[in-house]
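Letter by letter, the chains look like this.
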Amino acid sequence: MRPSLRPSVLSGGLVRTFAAGLVGGGILVGLVVGVVFAIDAADHAYPPPLEGPALSTSAEMVDRDGRLLRAFATADGRWRLRTTAQDVDPQFVRMLIAYEDRRFAEHGGIDVRALARAAVQFVTHGRIVSGASTLSMQVARLIEPRESRSIGAKLRQIARAWQLERRLTKAQILDLYLTHAPYGGNLEGVRAASLAYFGKEPRRLTVAEAALLVALPQLPERRRPDRHPEAAEAARARVLERAAVAAVIGEGEAERAAVTRVPESRRPLPTLSPHLAETARRKAPAAPTLHTTLVAPVQAALEAVAKSAAERAGPRISVAMVMADAATGEILAEVGSADYLDSSRKGWIDMTRVPRSPGSTLKPFIYGLAFEEGLVSQETVIEDRPADFFGYRPRNFDMTYQGDVTIRQALQLSLNVPAIRLLDAVGPSRLMLRMRRAGINPILPPQETPGLAIGLGGLGVTLRDLVQLYAGLANEGRPVRLGDGVDSVPGPIAGEPMLDPAATWQIADILSGVLPPTGSARRGIAYKTGTSYGYRDAWSVGYDGRTVLGVWVGRADNGAVPGITGYATAAPVLFEAFAKSGIAGLPLPRAPAGAVRIAAQDLPISQRRFSMTTSGLLRANIREAAPQIVYPPEGARVDLGKDVAGVPLPLMLKLQGGRAPFRWLANGRPLADLTRRRVNQWVPDGAGYSTLTVIDAAGRAASVRVFLQ
C-alpha cells in the first residue's frame with residue numbers, strides 16, 4: 001500500500017510548480033516582447049527607401065485639361081511617369097491582381113499560402129514552377145533592386161514588403177507598382193509603356209493591350225514587343241490562359257485578344273510644344289507638373305500643319321503659329337518652328353518671339369483710326385496713284401496702281417499708297433499710341449521717331465505681338481493681353497480701348513470679304529496678309545468671333561526667300577490650320593449700334609472722296625482752327641432725361657472752331673443734314689458707350705467717346 005502524501009507536501013509541490021510555470025511564462029512573454037521590440041527597432045533603424053533618385057518621376061507638362069504635352073526623362077534617363085489606379089483602365093487593375101496577387105487585399109505583404117505552394121512545387125519538381133511574390137514584394141524589389149536571386153535577397157524582399165504594408169495603404173502600394181514596373185529599355189510604369197507601345201494613355205485599354213501590360217514586367221527585356229514580338233505574344237497568351245484572369249475578362253474575350261498582333265515598334269512619348277516646354281522648365285526646374293493653357297489636340301494639329309507647310313515651301317524655311325482665345329488672351333496652341341530638331345531650319349529658334357517686319361499687317365489699324373475719326377466710310381473713294389510724302393514715295397507690291405478705288409477695295413487689295421494717305425491724315429504717332437494701348441511695344445530703328453514707313457512694316461513686332469493686336473480687333477476694340485501659355489496671367493488690358501467698336505466692325509466687315517487663297521474654302525474669318533521688304537517674311541493673321549490665329553513663314557536667319565508672299569504662302573497655312581485645329585468657329589461680332597455700311601450716294605459730301613485736302617496737305621491755307629467738340633466732353637457720363645411721355649430727350653452737341661458746313665456722325669452713322677451751326681441735337685438709340693464725330697468742310701474731324709445712361 002502506497003504511503004499517502006501529506007497535505008503540506010502536496011500544497012508545497014503545487015506552489016513550486018505554479019511558480020515555475022509563472023517564471024517560464026514570463027520568460028516566454030519577455031522573449032516575445034523583446035523580439036517585437038527588436039523587430040520594431042530594426043524597422044525604424046532600417047526603413048524602406050521610399051525617397052531618393054530611384055523613386056523620382058518624370059516632370060510633365062500638361063494642357064488645360066491635364067493631357068500630357070511633354071515628359072522629361074529622370075536624372076537616370078528613365079521615362080517614369082507618375083501613375084495611380086485612377087489613371088489606368090479598371091479592367092487592367094483587375095487583371096493584374098488576378099494574375100499576380102489574388103489575395104492582395106487580404107495579406108500583410110506576404111502570402112503564406114503562395115509561399116507554401118511554391119516551396120512544395122520546388123521540392124517536388126526540383127525547379128520553380130510558380131512564384132510566390134506578392135505585389136508588395138515586387139514593389140519592394142523595384143524600390144530597392146536586388147543584385148542576385150539568393151535566399152538572402154528573397155528574405156530581405158519579404159522584410160521590406162512587411163515594412164511597406166506597415167507604412168502604406170494598399171492603394172499606395174498599387175500606385176507604386178503602376179509607376180515603377182519595368183517595361184523594357186528605359187520605360188517604367190504603365191503610363192510610359194502604354195504611350196510607347198500603343199500611343200495612348202492607359203485609361204481605356206483593350207483586353208489584348210491590358211494583358212500585354214500585365215505580362216511584360218516579369219521579364220521586360222526578353223519580352224519587349226519591339227524586339228521580341230514572339231516572346232511578348234507568348235507571355236500575353238499565358239496571362240489570358242490563367243483561369244483567374246479569364247474570370248475577370250469574361251467568356252470569349254481571351255480568344256479574341258489572342259489573335260490581336262502585339263505592337264512591334266516603340267513610339268516616342270509626346271513632345272508637343274518643345275519651345276514652351278523648355279522655357280517653362282527653365283523657369284521652374286523643380287516643378288513636377290507644368291500646367292499650361294494649351295489644348296493638346298489643337299497643338300498637335302498645328303504642329304503637323306507647320307511641318308507639312310515648311311516641307312512644301314522648301315529647304316531652310318520655317319513656320320511659326322500662335323492661336324489664342326480672343327476674349328481671354330489664353331494661348332491655345334503655339335508653334336515656335338516647323339520642326340524643333342531640324343537644324344537646317346534652325347528649329348530650336350522660337351520664331352513666335354523674334355521681332356520681324358510685319359509688312360502690311362498693320363494696315364487694318366490705320367483704316368480703323370480713319371473710320372474712328374469719321375474721315376472715311378467703306379465706299380469713300382481714295383486715289384491709288386504715285387505720291388510723294390515729303391520725299392517718301394511708297395509703291396504698291398506689284399508696282400502697279402489701280403487709280404480711284406473705294407476704301408473697302410483699297411484694304412482688301414492691300415494697296416500701299418491709300419494706306420499711307422490715311423496714315424498721313426491720322427498720324428503715325430497715333431498708330432503707335434494705339435498699339436501701346438494694346439500692350440505691345442514695337443521696335444523702331446535707333447534714334448528714329450515714328451514715320452509713315454511704319455504703315456508698311458518699317459518697325460519690328462513679334463508674331464505674338466500681332467496676334468495680341470488682332471485679338472483686340474476680334475474683341476470689338478477691347479485690348480487683351482496674351483498669356484505665355486504657362487504662368488503669366490492673360491486677360492483684358494485696363495484703360496482706353498484700342499479702337500472704337502464701330503471701327504473694328506468696319507474692319508472685320510471688310511477683311512471677312514477678302515477671298516480665301518486658291519484651294520481653300522471660306523471659313524467666315526476676317527484675315528489680313530503681309531510680306532516684308534525683300535521677301536523675308538510672309539504673314540497672315542485671321543480671326544472669327546472666338547479665336548485669333550497668326551502665321552509666319554520665312555527663314556530663321558532672316559534670309560530672303562524669293563517668291564514668298566503673305567497671300568500665296570502664309571494664308572493657305574492659316575486656312576489649313578483653322579480647318580484642322582478642331583475648334584468650332586463662331587461668327588464674327590454683330591455690328592454695334594450705329595455701325596452700318598453706307599452706300600456711296602448716301603455719304604456726306606466730305607466722305608465721298610478722300611483727297612489731299614482731307615488728308616491735311618492743304619490745311620495750311622485754312623484760317624479757322626480745327627473743330628473741337630466741347631459738349632459732351634471726352635469720357636463724360638451723360639444722364640439722358642425723358643419728357644412727360646417717357647420719350648428720351650435729345651442730347652445737345654456743341655463744337656468750337658472748324659469751317660462750316662459740318663457733318664455730325666453718331667457711332668459712324670451720319671445725322672440727317674449738314675449744318676452751318678455749331679450747336680446740334682441727337683436722339684440716342686439707347687444707353688451705353690457712343691462715339692460722336694464732327695467733320696468740317698476741310699475734312700478735319702474731331703471725336704469724343706461718352707457713356708449714356
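See the structure shown above.
Residues numbered from 1 in each chain as written. Predicted model: local features only at pLDDT ≥ 70, side-chain atom pairs only at ≥ 80, totals over all residues. Heavy atoms only, no water.

Assigned secondary structure in the chain consists of 22 helices and 23 strands. Out of the 709 residues in the chain, the part that is buried amounts to 50%. Taking all contacts inside the chain whose residues are at least 6 apart in sequence as the whole, residues at least 24 apart take part in 70%. (Helix = DSSP H or I, 4+ residues; strand = E, 2+ residues; numbered from the N terminus. Buried < 20%, exposed > 50% of the residue type's maximum accessible area, 1.4 Å probe, protein only. Contact = heavy atoms within 4.5 Å.)

Spatial strand order, β9-β8-β15: three strands in an open sheet with mixed pairing. Edge positions in the sheet fall to β9 (403–406) and β15 (609–610), since each of these pairs with one other strand and no more. Here two bridges tie strand β8 (residues 381–384) to β15, and the two strands are oriented parallel to one another. Paired with I382 across the two strands is F610, which belongs to β15. In the packing of helix α16 (residues 416–426) onto the sheet, contacts are made with β8 and β15, and the angle to β8 comes to roughly 115 degrees. (Pairing = 2+ DSSP bridges. Axes fitted to C-alpha atoms, helices over the stretch in contact; angles between N-to-C directions.)

On to the pairing of strand β21 (residues 679–682). In β21, alternate side chains face the same way, and those of N680 and W682 are buried while those of V679 and Q681 on the opposite face are not. Two elements, strand β18 (residues 651–656) and β21, share four bridges in a ladder whose sense is antiparallel. Bridge assignment links L651 to a residue of β21, and that residue is W682.

Right, let's talk about the packing of helix α7 (residues 190–198) against helix α8 (residues 207–215) for a bit. Close contact between α7 and α8 brings their axes to 11 Å; oriented N to C, the two are set at 125 degrees. Between α7 and α8, the interaxial angle falls into the category oblique. Crossing geometry of α7 relative to α8 is assigned as right-handed. Only E209, L212 and L213 of α8 make contact with α7, whose side of the interface consists of V190, A193, S194 and F198. (Parallel < 35°, antiparallel > 145°, perpendicular 65-115°, else oblique. Left-handed = near helix turned anticlockwise from the far one by under 90°.)

On the surface, V630, Y631, M652 and V679 cluster together into a nonpolar patch covering about 270 Å² of accessible area. We classify M652 as partly exposed; its relative accessible area is 30%. (Patch = residues over 30% accessible without salt bridge, like charges linked within 9 Å, V, L, I, M, F, W, Y side chains within 5 Å. Areas by Shrake-Rupley, 256 points an atom, 1.4 Å probe, with all protein chains shown as cover. Salt bridge = Lys/Arg side-chain N within 4 Å of Asp/Glu carboxyl O.)

On to the packing of aromatic side chains. Taken as a whole and judged by the stated rule, the model has five aromatic pairs. Aromatic pair Y470 and Y543: ring centres 6.3 Å apart, planes at 55 degrees, arrangement tilted. Of this pair, Y470 sits in helix α18 (residues 463–474) while Y543 sits in strand β13 (residues 537–543), placing them 73 residues apart in sequence. With relative accessibility at 0%, the residue Y470 sits in the buried group. (Phe/Tyr/Trp six-rings, centres within 6.5 Å; stacked < 30°, edge-to-face > 60°.)

Within the element layout of this structure, I158 appears in helix α5 (residues 151–167). Remark: the alpha-carbon pair of I158 and G109, spanning 49 residues in sequence, is separated by 7.5 Å. Among all residues touching I158, those that are not within four sequence positions of it are I110 and M137.

Membership of the largest hydrophobic core comes to 108 residues, with the highest contact counts inside it found for M321 and L469. With eight residues, α18 is the largest single contributor of residues to this core. Judged by nonpolar contacts, the second largest core, of 55 residues, contains V139, I173, V190 and A235. (Core = buried A, V, L, I, M, F, W, Y, C linked by side-chain atoms within 4.5 Å.)

As a further point, take the side chain of T293. Structurally, the position occupied by T293 is in the loop between β5 (289–291) and α13 (296–313). A polar side-chain atom of T293 sits 2.7 Å from the main-chain carbonyl oxygen of I331. Setting aside residues up to four positions removed in sequence, T293 forms contacts with R64, E330, I331, L332 and G485. (Polar contact = N/O pair within 3.5 Å; in protein donor to acceptor, adjacent residues only side chain to side chain.)

Of all nine residues making up helix α4 (residues 135–143), eight are buried, and the element is well covered by its neighbours. Tucked inside the fold, the buried residues of α4 contact α2 (90–100), α5 and α6 (170–180).

Let us look at unusual backbone geometry. Y631 connects to P632 through a cis peptide bond whose omega is -5 degrees. Here P632 lies in the loop between β16 (628–631) and β17 (637–638). Backbone geometry at S273 places phi at a positive 50 degrees, although glycine is not the residue there. With respect to the secondary-structure elements, S273 resides in the loop between α11 (253–258) and α12 (274–283).

Once that is clear, we can look at the pairing of β13. Of all seven residues making up β13, seven are buried, and the element is well covered by its neighbours. Here β13 shows two buried faces, one formed by D537, W539, V541 and Y543 and the other by A538, S540 and G542. With six bridges connecting them, strand β12 (residues 526–531) and β13 associate as antiparallel partners. Directly across from T529, in β13, lies its bridge partner S540. The turn joining β12 and β13, which pair antiparallel and follow one another in sequence, is formed by five residues; a positive phi near 80 degrees is taken by G534.

Following the criterion strictly, the structure yields 38 salt bridges and no others. Ionic pairing is found between E334 and R464, a salt bridge with its closest N-O pair at 3.0 Å. Of this pair, E334 sits in strand β7 (residues 331–335) while R464 is found in helix α18, placing the two residues 130 residues apart along the sequence. One exposure class covers both E334 and R464, and it is buried. Measuring nitrogen to oxygen at the nearest pair gives 3.5 Å for the salt bridge that ties E383 to R609. Taken together, the positions of E383 in strand β8 and R609 in strand β15 put the pair 226 residues apart, joining distant regions of the chain. With a relative accessible area of 26%, E383 lands in the partly exposed category.

Spatial ordering of the open sheet is given by β7-β6-β14-β13-β12, a layout of five strands whose pairing is antiparallel. In this open sheet, the two strands that pair with only one neighbour each are β7 and β12. Neighbouring strand axes in the sheet, compared pairwise and without regard to direction, differ in orientation by 10 degrees on average. The sheet contacts of helix α19 (residues 501–511) involve β12 and β13, and relative to β12 the element is tilted by about 75 degrees.

Attention now moves to the environment of F707. Position of F707 relative to the elements: it lies in strand β23 (residues 701–708). Note: C-alpha distance between F707 and D639 (68 residues apart in sequence) is 8.6 Å. If sequence neighbours within four positions are ignored, F707 has contacts with A636, R637, V638, G688 and Y689.

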